[in-house]
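# Structural features, examined
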Amino acid sequence: MAPFAVFLQDPDFIRVLYILAFICFILGLRFLNHPRTARRGNVLAAVGMAFAVVATLLIEEVGDYGLIALGIAVGTAVGVPAARNVKMTAMPQMVALFNGVGGGAVALISWSEYREALAAGGNPELETLVPILFAAIIGSISFWGSNIAFGKLQEVIPGRPIQLPGQQFVNVALLAVAVGCAVAIAAGTESEALFIAILIAAAILGNMVVLPIGGADMPVVISLLNAFTGLSAASAGLALDNVALIVAGMLVGASGSILTHLMAEAMNRSIPNIVAGGFGGVAVAAGAGADGDRGPVRSTDPADVAIQLAYAGKVVVAPGYGMAVAQAQHTVRELADELEKRGVSVDYAIHPVAGRMPGHMNVLLAEADVPYDHLKEMDEINPELPQTDVALVIGANDVTNPAAREQRDSPIYGMPILDVDKASQVIVLKRSMNTGFAGIDNPLFYKENTALLFGDAKESVAKVLAEVKEL
Amino acid sequence: MDLLTELTILVLAAFVGFEVISKVPNTLHTPLMSATNAIHGIVLLGGLLLIGPAEGFLTEALLFIAIVFGTINVVGGFLVTDRMLEMFRRRPDPRAATKAELEAGAAAPVEDGAEPAPERRAA
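Residues numbered from 1 in each chain as written. Chains lettered and ligands numbered in written order. Predicted model: local features only at pLDDT ≥ 70, side-chain atom pairs only at ≥ 80, totals over all residues.

Moving on to the confidence of the model for chain A. Residues and elements named next belong to chain A. When pLDDT is averaged along chain A, the result is 84; 92% of the residues meet or exceed 70. Mean pLDDT values over the elements of chain A span from 37, in helix H12 (residues 279-290), up to 93, in helix H3 (residues 38-58). For residues 278-293, every residue scores under 50 in pLDDT, and the model assigns this stretch 31 contacts once sequence neighbours within four places are set aside. (pLDDT = per-residue confidence, 0-100. Helix = DSSP H or I, 4+ residues; strand = E, 2+ residues; numbered from the N terminus. Contact = placed C-beta atoms within 7 Å.)

This is the structure:
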């Protein structure tokens, strides 16, 4: 072999490439901390990935390049159009789906590695076997759980919690089956059937755990599954003796855990609570109980809204998933521009979990060229709301629900909310009187200072905008 | 490499992950989740490592699917993140002029956020 080729295949050279990849990953993540550098950070992380892939392809034992090229080509052919064409509103689903295939890859790799070991003469050593089993369980849970999360957000599967009788018991039993089979293999049983049983039990568990979780908790679930996939990748790295997998997988495991924790904290929910399910089930019951004393709702029309907005001093817009679905962000910005021309100050109140993911609203509003400094986070805007003339709630529901402050029996009691009801006037743009994603009734709609404007958010905002221009 | 060396690396990587990420503002949570999601697509390497020595149709098929899945995770993940972040790039602020007029007038002062305010003022 030519000396150059020998140099390229030198394990030390490959390790150096891996180190370059780690530097790219870590710096990339650091750049992702700031809006100005975030895009560069993402590109840097992608460059790191390219280093890692090229380095791995150089490893001497790697072969079957034709099949590898075909696999990468097919994956690219599927991934690129999916990422290119997805609508901004459907981003969370897309992330869930990409996370799912990652988990699926981990499960498949651990299965193949176990098959290879069996073909080579039997169970591998424990220090390889245990990570394989761990990766199989977590990878399979992550794959199926993410697919269910995708289905729920895409509304292929009803977003409401789906409860099955004896759910908790079944889940514990499934986990026991998966772990039991894993222990049996680790104890020395050589059986591919047992390994497949692990994958299947974990698959059903993934389905069962995510199905009963209500839509409001879905961001936390996706983040949790993201962390899980990272951990399973790190575990696969231990099994394969591959440093790149260990480092990158663990970086994701750590970041995903933090993000999950931050989200759960913002909703005043505990992660075990969410995973145990039952949010929506309780919610529907409590909502029904509170129905008795609610008053009539007051509906309004665009002309009226336009007058209130145009003659206000301070307007706060509270956007939610309804704005995302209706693609109303551009029209909302036009309305804000028009109001600002008239001397009205317009800010946006961003609840940390408005929409379907933290930061969802920021992304949409940034798309519509709304400057960052007009986007105010909950803690910053809440003290300003009592001095606000008009709070304009566009397709947000649960994050503005005062029941979280007032009703002790409400399932969302204690969750921090945007105090829009403290504004002098509240105008809620809403498609219908349906409850929000969490399935909880919202007392905000029945308050005296609240008026509802029914209709598609974009159309409603456009009508209001036209009326404001008339004034 | 022996197990303890690997575990050392694992633990240190976890701490780096915590440190690097705990400072991300809310605004960037979705892109961050998406970018880390793309990074765990590194499992692709597992498929690359195993498919050469693999024997038997089923094993090869499983690894082929794993490579396809891993590639979708990596390529799709980074692209989707880039699309999200594209929206954060600096553009002429259509409201800058209006805002300046407002601040000069009697209207409520508009606070400058901590984010990219300096460049905006320069623009």
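The next thing to look at is unusual backbone geometry. Residue and element names in this part refer to chain A. The backbone phi angle of Asp241 is positive, close to 55°, even though this residue is not glycine. Its location among the elements puts Asp241 in the loop between helix H9 (218-240) and helix H10 (243-266). Positive phi outside glycine occurs at Asp369, with the angle close to 65°. When you line up the elements, Asp369 lands in the loop between helix H16 (360-367) and strand S3 (375-377).

Residues and elements named next belong to chain A. Strand order in the open sheet formed by six strands is S3-S2-S1-S4-S5-S6, and the pairing between neighbours is parallel. Of all strands in the sheet, those bounded by a partner on one side alone are S3 and strand S6 (450-454). When strand polarity is set aside, the average angle formed by the axes of neighbouring strands in this sheet is 25°. Inspection of the sheet shows strand S2 (residues 345-350) paired to S3 by three bridges, in the parallel sense. By the bridge assignment, Ile350 is partnered in S3 with Glu377. Sheet strands touched by helix H13 (residues 302-310): strand S1 (314-319), strand S4 (390-394), strand S5 (425-430) and S6. Its angle to S5, the strand with the most contacts, is close to 140°. The sheet strands contacting H16 are S1, S2 and S3, and the helix crosses S2 at an angle near 145°. (Pairing = 2+ DSSP bridges. Axes fitted to C-alpha atoms, helices over the stretch in contact; angles between N-to-C directions.)

Listed by partner, the interface residues are 104 residues for chain A and 93 residues for chain B. Counting only elements with at least two residues in the side of chain A that touches chain B, the list comes to helix H2 (11-31), H3, helix H4 (65-85), helix H5 (91-119), H9, H10, helix H15 (329-341) and H16 of chain A. No other element matches H5(A), which puts 18 residues into the side of chain A that touches chain B.

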